[in-house]
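Below are the chains, spelled out letter by letter.
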Amino acid sequence: MKVDQKGHTTIIRDTQGDIQNFLNKLTHEQGSYKSKNLILDVTHDKNVALSDIKLFSELVKTHSSNNKSIVIVASDIDFNSVPAQITVVPSIQEAHDIIEMEEIERDLGF
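The structure presented is a predicted model; accordingly, all values stated were derived computationally and were not measured.

(A) Seen up close, the sheet that holds strand S2 (residues 9–13). Taking strand neighbours across the sheet as the criterion, the 5 strands line up as S1-S2-S3-S4-S5 in an open arrangement whose pairing is mixed. Strands with a single pairing partner mark the edges of an open sheet, and in this sheet they are strand S1 (2–6) and strand S5 (87–89). Averaged over all neighbouring strand pairs, the angle between strand axes comes to 25 degrees, with direction disregarded. Here 4 bridges tie strand S3 (residues 37–41) to strand S4 (residues 70–73), and the two strands are oriented parallel to one another. Residue pairing for S4: Asp-41 is matched across the bridge by Val-73. Along the sheet face, helix H5 (residues 92–108) touches S1, S2, S3, S4 and S5 and points at about 160 degrees away from the line of S3.

And the structure:
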């Protein structure tokens, strides 16, 4: 797991290619990230399936309840099949754009 800070956003990359282990680490350390917007980069694991992405739903729900954004970056996913409460994009730049838009929406009271 590699952690980078960029402004008000923390980028956490899965470097081992084990989604379940990555999710367990994130859940365990969630308290230290609760005040940050998160980008979870799982592109290192080329075998990520929709079922793996759905495992993040509880983490997304908990993190979003703190009025912070959480976006997952994955490749080779059918983005139309992802549940609406989970935001998945194909690149880090798109994740930053989504977080910026969500920040603006929160500032405007949407």
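There is more to say after this.
(B) How the structure looks around H5. Given a rise of 1.5 Å per residue, 17 residues ought to cover 24 Å, and the 25 Å separating the end C-alpha atoms of H5 matches this to within 8%. Among the residues of H5, those classed as buried are Ala-95, His-96, Ile-99 and Glu-103. In a view along the axis of H5, the buried residues occupy a sector of 100 degrees, so they form one face of it. Where H5 is buried, its residues meet S1, S2, S3, S4 and S5. Positive phi appears at Gly-109, one or two residues downstream of H5, with a value of about 85 degrees.

(C) Structural context of helix H4 (residues 57–64). Three or more residues of H4 are buried, namely Leu-59, Val-60 and His-63. Along the axis of H4, the buried residues cluster in a sector spanning 100 degrees; they form a single face. Looking at the buried residues of H4, the elements they touch are helix H1 (19–28), helix H2 (30–33), S3 and S4.

(D) Geometry of the environment of Lys-46. With respect to the helices and strands, the residue Lys-46 is situated in the loop between S3 and helix H3 (50–54). For Lys-46, the side chain forms a polar contact with the main-chain oxygen of Thr-43, separated by 3.2 Å.

(E) Seen up close, the side chain of His-96. As for its placement among the helices and strands, His-96 is situated in helix H5. Residues in contact with His-96, not counting those within four places in the same chain, are Lys-6, Thr-9, Ile-11 and Ile-39.

(F) Here's a closer look at a nonpolar patch on the surface. On the surface, Ile-104, Leu-108 and Phe-110 cluster together into a nonpolar patch covering about 390 Å² of accessible area. Along the chain, Ile-104 turns up in helix H5. Residue classification places Ile-104 among the partly exposed positions, given a relative accessible area of 45%.

About the thresholds
- Residues numbered from 1 in each chain as written.
- Predicted model: local features only at pLDDT ≥ 70, side-chain atom pairs only at ≥ 80, totals over all residues.
- Heavy atoms only, no water.
- Pairing = 2+ DSSP bridges.
- Helix = DSSP H or I, 4+ residues; strand = E, 2+ residues; numbered from the N terminus.
- Axes fitted to C-alpha atoms, helices over the stretch in contact; angles between N-to-C directions.
- Contact = heavy atoms within 4.5 Å.
- Expected span 1.5 Å × (residues − 1).
- Buried < 20%, exposed > 50% of the residue type's maximum accessible area, 1.4 Å probe, protein only.
- Arc of directions from axis to C-beta.
- Polar contact = N/O pair within 3.5 Å; in protein donor to acceptor, adjacent residues only side chain to side chain.
- Patch = residues over 30% accessible without salt bridge, like charges linked within 9 Å, V, L, I, M, F, W, Y side chains within 5 Å.
- Areas by Shrake-Rupley, 256 points an atom, 1.4 Å probe, with all protein chains shown as cover.
- Salt bridge = Lys/Arg side-chain N within 4 Å of Asp/Glu carboxyl O.

Interpretation in functional terms is not warranted from these geometric data alone.
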